[in-house]
Amino acid sequence: MVSNSTFTPDTIAAGFHALSDPLRIKVLELLRSQELCVCDLCDHLGTTQSKLSFHLKTLKEAGLVRARQEGRWIYYSLNLPQFAVLEQYLAEFRRFSPILPIRPPCET
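Residues numbered from 1 in each chain as written. Predicted model: local features only at pLDDT ≥ 70, side-chain atom pairs only at ≥ 80, totals over all residues. Heavy atoms only, no water.

### Remarks on helix α1 (residues 9-18)
Consideration 1: The set of residues buried in α1 consists of Ile 12, Gly 15 and Ala 18. Taken around the axis of α1, the buried residues stretch over an arc of 135°, which confines them to a single face. Along α1, exposed side chains directed more than 90 degrees from the buried face belong to Pro 9 and Asp 10. (Buried < 20%, exposed > 50% of the residue type's maximum accessible area, 1.4 Å probe, protein only. Helix = DSSP H or I, 4+ residues; strand = E, 2+ residues; numbered from the N terminus. Arc of directions from axis to C-beta.)

In structure tokens:
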């Protein structure tokens, strides 16, 4: 269970912003099965390291990926607890928000 205290507007906005780019989605898809270094990610995605670094920074700032250094290489993996935060945030809408009927437009 994820605490509601992790549902800060900045945390949620950063997470959904990070998920709003197709290249970042591709990075996350690659990291679903294994930890990868930047060079492997670049090879799989056919992109430059400088372009990928910008996107990895966004994913890290949102807490969706973790980085660990081994020698001169940096390896990236998913940070699953942060995905759970976003998932639970959305689930709260489904669970606690009634589905209201559509209101007719206001008369002017």
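### Concerning the packing of helix α3 (residues 38-45) against helix α4 (residues 49-61)
Consideration 1: Interaxial distance between α3 and α4 falls to 10 Å at its minimum, and their mutual angle equals 110°. Overall, the two elements α3 and α4 adopt an arrangement that is roughly perpendicular. Residues Val 38, Leu 41, Cys 42 and Leu 45 of α3 touch α4, and the partners they reach there are Gln 49, Leu 52 and Leu 56.
Consideration 2: A class-by-class count of the residues in the contact of α3 with α4 yields 6 nonpolar, 1 polar and no charged. (Axes fitted to C-alpha atoms, helices over the stretch in contact; angles between N-to-C directions. Parallel < 35°, antiparallel > 145°, perpendicular 65-115°, else oblique. Contact = heavy atoms within 4.5 Å. Nonpolar A, V, L, I, M, F, W, Y, C, P; charged D, E, K, R; others polar.)

### Some points on the side chain of Gln 82
Consideration 1: Considering the arrangement of structural elements, one finds Gln 82 in helix α5 (residues 80-96).
Consideration 2: Judged by its relative accessible area of 13%, Gln 82 falls in the buried class.
Consideration 3: Contacts of Gln 82, omitting those with residues within four sequence positions, involve Thr 11, Ala 62, Gly 63 and Leu 64.

### Regarding the pattern of salt bridges
Consideration 1: In this structure the tally under the stated criterion is 4 salt bridges.
Consideration 2: Between Arg 68 and Glu 35 there is a salt bridge, with its nearest N and O atoms 2.7 Å apart. Residue Arg 68 is found in strand β2 (residues 65-70), and its partner Glu 35 is found in the loop between α2 (22-31) and β1 (36-37); the two are separated by 33 residues along the sequence.
Consideration 3: Given a relative accessible area of 31%, Glu 35 falls into the partly exposed group.
Consideration 4: Notably, a salt bridge pairs Lys 57 with Glu 61, separated by 3.4 Å at the nearest N-O pair. Of this pair, Lys 57 and Glu 61 both sit in helix α4, 4 residues apart, which is roughly one turn of that helix.
Consideration 5: One salt-bridge network, in which partners are shared between bridges, spans Glu 35, Arg 68 and Glu 70. (Salt bridge = Lys/Arg side-chain N within 4 Å of Asp/Glu carboxyl O.)

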